Amino acid sequence: MIRIAIVYHSETGNTRRMAELVREGCLRIEGVEARTMPVEEIDREYLAGAHALLLGCPTYEGSPSWQMKRFLDTVEVDLAGKLGGVFVSQNWPGGGGADFAEVVLIAGMLVRGMLIYSGGITKGYPYLHFGAVSSRSPEGLYAERCVKLGENISSKAKELFG
Ligand SMILES: Cc1cc2nc3c(=O)[nH]c(=O)nc-3n(C[C@H](O)[C@H](O)[C@H](O)COP(=O)(O)O)c2cc1C
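Residues numbered from 1 in each chain as written. Predicted model: local features only at pLDDT ≥ 70, side-chain atom pairs only at ≥ 80, totals over all residues. Heavy atoms only, no water.

Participant: Just to check I follow, could you spell out helix 4 (residues 98-111) for this structure?
Facilitator: Since one α-helical turn is 3.6 residues long, residues separated by three or four positions face the same way. For helix 4, spanning 14 residues, the distance from its first C-alpha to its last is 20 Å, which sits close to the expected 20 Å at 1.5 Å a residue. Residues of helix 4 that are buried make contact with strand 3 (52-60), strand 4 (63-64), helix 3 (66-74), strand 5 (83-90), strand 6 (115-116) and strand 7 (132-135). A positive backbone phi angle near 85 degrees is found at Gly-113, which sits one or two residues after helix 4. (Helix = DSSP H or I, 4+ residues; strand = E, 2+ residues; numbered from the N terminus. Expected span 1.5 Å × (residues − 1). Contact = heavy atoms within 4.5 Å.)

Below, the structure written as structure tokens:
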């Protein structure tokens, strides 16, 4: 069984909803289990055994929320060799900084020895770039991209670790 952990920070629910959609996408692939967990309540045992880790958070001042940054800075679980992906919520479409926040998360995950993946534009429409981005509540195309990210990570994790 492939195990995927989806760790998110969310104050007003937008990123939590994204995390649920990402999980929905993960579960589209047979033989995969996926669990969402708020960054304040990490199941360290599950995280340690996970093949893939998705991180999601809101954009704060054009960067990842400090709560998620603190997680990356301080998590004691060994993340090396796990497949990783990201999703970020912002308020302002067309320039709120979510893309940059994703790149910062990706940088932290690389430093931890993780293998980063989104599927990019190679998986067809709706196109993903660095990860899934949503403005405010994830609906329509924003929601579809979250599901797609989950599916892409899930199938790649199965290919690598199954
Ligand atoms: C301290 C703070 C800083 C924020 N900075 C930005 C920002 O730079 N760009 C932006 O688009 N939204 C910004 N926002 C809005 C949040 O990213 C947005 O409302 C997000 O959807 C909240 O996610 P959540 O519901 O999961 O908490 C900020 C919100 C807070 C509280």
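Participant: Can you help me understand unusual backbone geometry in this one?
Facilitator: If a residue is not glycine, its phi is most likely negative; likewise, a peptide bond is most likely trans. Of the consecutive residues Tyr-125 and Pro-126, the connecting peptide bond is found in the cis state with omega at -5 degrees. With respect to the helices and strands, the residue Pro-126 is situated in the loop between strand 6 and strand 7. In this model, Glu-61 sits at a positive phi of 50 degrees, which is unusual for a non-glycine residue. With respect to the secondary-structure elements, Glu-61 resides in the loop between strand 3 and strand 4. A relative accessible area of 81% means that Glu-61 is categorised as exposed. For Arg-136, which is not glycine, the phi torsion reads 55 degrees and is therefore positive. Looking at the secondary structure, you find Arg-136 in the loop between strand 7 and helix 5 (140-161). (Buried < 20%, exposed > 50% of the residue type's maximum accessible area, 1.4 Å probe, protein only.)

Distances and angles like these do not, on their own, reveal function.
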